[in-house]
Amino acid sequence: MKRTTIILLTATTIAGSLPLRAQVQSPPAAAPVLAASAAPAAYEPLPTLNASAILAPQYLQGANFTVRNPVPTYSGSNRYTIDSDFGVFEAIGNQMLMRRVAEIKAIAALQAMSQTNEFTQAATQAAAAPLNVAQDLVTDPVSTISSVPKGIWGFLNQAGQAVKEAAEGRQAGAGEGNAVENMTGFSKTKRDLAIKLGVDPYCNNEIFQKELNKVAWPAFLGKFTVDLGMAAVTGGAGTALSALNWTSTLKDALRDKSPTELRLMNLGLLMNGMGVARADADAFLNNSAISPTTQTLIVAALGQLGNIPGQAEFIRQAATSQDEHDALAFQQSVQLMAQLNNTAPVARITHLSGLTVCQTNDGTVIVPIQWDYAAWTPMTERFIAALKAEKFTSPATAYSILLTGLVSPTAAQALAARGVSITAKALPGPLQ
């Protein structure tokens, strides 16, 4: 029986463009393996790209933003600078660009909501209403309420004792219990609104979080409905999350469950469904660089592979994420593996020399990479040589690379000469 091997880069760089963890996706079709010998190819420098030449129109500019034309590419990522009505944003990588554009559109949408007569009336009523809410230290971290309006803090402080007693497991009175429940309700309102706008509720965009809180408070207090607010949005909201092909069940979980509830759900799936040790699961779930949304998407996609060897090691690797960019790289890689699994079942995930390797049943070695622009460099050549020299569990019958971005003509020719086929734009992204 043949086997396929998929490589997901972790800490090593390929082509001088990759400090990220590689990403996986099912290939449209892998070219057959060519002769092992390869003619020498001239190395090339990493270029500065032109945003207007590589980006789809909706990601180049919109009503509230424009991406600057110079796009340096290094360490595996295109580096974008976005001028917007709400300030200047940086985006490291194509995936992050999509998220930033979605957040900018969502900020504009939230501001449009807050300028309606319905919202103004609702906000006035909410300010006058006696609030019985508390900062929910029991079930939600502080990050879920990143910018509470000044007038709310007094009410939160008054309810502080109720939260303390709830955390200590003491019996709370009716009003005190409602305080904790209400705060959870506020967080749910925020999540519902963010998801409808196509944005990760736990994103670290402070401007978005401020506007989200501004609209969510009247909605939480029942003075303003989320659906009414969405009716004020013109031109559509962000699409960063809709591109993930969420199932309705997954959307419901992200909307209805608090971060603590998501953590417990993911902990159970990791330990019971995939054999991940508690310490490894905790290291992954307690990493603040990986948002609850990203954690949930990683676990859900990994679960689609079934209970196969190597899932625990993948979680250990993902737990080393240093920032949001790293975490998104792992998310994309496992989503691509799950997609590949639909047509070429993944038998195992292993690691070698800092690389994550997955084997399927047909013997093809596939390297799926979150790689915005691939050039032919000494690093690329060394990596390919190491790949071809590696002895996998089953003999390799073909080699293929899947890129989320673009590949230079020189790199494509050099790889083909070495018997490696390549597929560009292997994931939905902002490129033309």
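Below: a short report on this structure.

Of regular secondary structure, the protein possesses 17 helices and 14 strands. By residue count, 53% of the 432 residues in the protein fall in the buried class. Residue pairs at least 24 apart in sequence account for 72% of intrachain contacts in the protein once pairs closer than 6 positions are excluded. Accessible surface for the protein amounts to roughly 17700 Å². Of this, 53% is attributable to carbon and sulfur atoms.

Another point: the side chain of Thr 116. Relative to the elements of secondary structure, Thr 116 occurs in the loop between helix H3 (94-114) and helix H4 (117-128). Thr 116 gets classed as buried once you look at its relative accessible area, which sits at 16%.

Even without being a glycine, Ser 75 presents a positive backbone phi close to 55 degrees. Turning to its location among the elements, Ser 75 is positioned in the loop between strand S5 (70-74) and strand S6 (77-84). When its relative accessible area of 26% is taken as the criterion, Ser 75 is described as partly exposed. Look at Lys 425: it is not a glycine, yet its phi comes out positive at around 50 degrees.

With that out of the way, let us pick up the nonpolar core. By size, the foremost hydrophobic cluster in this structure holds 42 residues, and its most contacted members are Leu 55, Val 67, Tyr 80 and Phe 208. Ranked by residues supplied to this core, first place goes to H3 with 12 residues. Apart from the residues within four sequence positions on either side, Tyr 80 is in contact with Ile 54, Leu 55, Val 67, Val 71, Phe 89, Glu 90, Ala 91, Gly 93, Asn 94, Leu 97 and Leu 431. Core analysis: the second largest hydrophobic core is formed by 32 residues, Leu 270, Phe 284, Ala 338 and Leu 402 among them.

Secondary-structure assignment places Met 98 in helix H3. Sequence separation between Met 98 and Tyr 59 is 39 residues, and the spatial gap between their C-alpha atoms is 7.2 Å.

Looking at the element boundaries, Gln 95 is found in helix H3. In this structure Gln 95 comes out as buried when scored by relative accessible area, which is 11%. Only 3.0 Å separates the side chain of Gln 95 from the side chain of Gln 332, close enough to count as a polar contact. Once you skip the residues sitting within four places of it in the chain, Gln 95 turns out to touch Leu 328 and Gln 332.

Turning next to the pattern of salt bridges. In the structure shown here, the tally under the stated rule is 14 salt bridges. For Glu 324, the salt bridge goes to Arg 99, with nearest N and O atoms at 3.3 Å. A residue pair is termed long-range when its members are at least 10 positions apart, and Glu 324 in helix H15 (residues 324-341) and Arg 99 in helix H3 qualify at 225 residues. For the residue pair Glu 324 and Arg 99, the accessibility class agrees, reading buried in each case. Linking Asp 282 and Arg 278 is a salt bridge whose minimum nitrogen-to-oxygen distance equals 3.1 Å. One end of the pair is Asp 282 and the other is Arg 278, both in helix H12 (residues 278-285) and four residues apart, which spans about a single turn. Residue class for Asp 282 comes out buried when judged on its relative accessible area of 18%. Here Arg 278 falls in the partly exposed class, since its relative accessible area comes to 43%. One network of salt bridges, in which partners are shared, links Arg 99, Arg 100, Glu 103, Asp 200 and Glu 324.

Calculation criteria
- Residues numbered from 1 in each chain as written.
- Predicted model: local features only at pLDDT ≥ 70, side-chain atom pairs only at ≥ 80, totals over all residues.
- Heavy atoms only, no water.
- Helix = DSSP H or I, 4+ residues; strand = E, 2+ residues; numbered from the N terminus.
- Buried < 20%, exposed > 50% of the residue type's maximum accessible area, 1.4 Å probe, protein only.
- Contact = heavy atoms within 4.5 Å.
- Areas by Shrake-Rupley, 256 points an atom, 1.4 Å probe, with all protein chains shown as cover.
- Core = buried A, V, L, I, M, F, W, Y, C linked by side-chain atoms within 4.5 Å.
- Polar contact = N/O pair within 3.5 Å; in protein donor to acceptor, adjacent residues only side chain to side chain.
- Salt bridge = Lys/Arg side-chain N within 4 Å of Asp/Glu carboxyl O.

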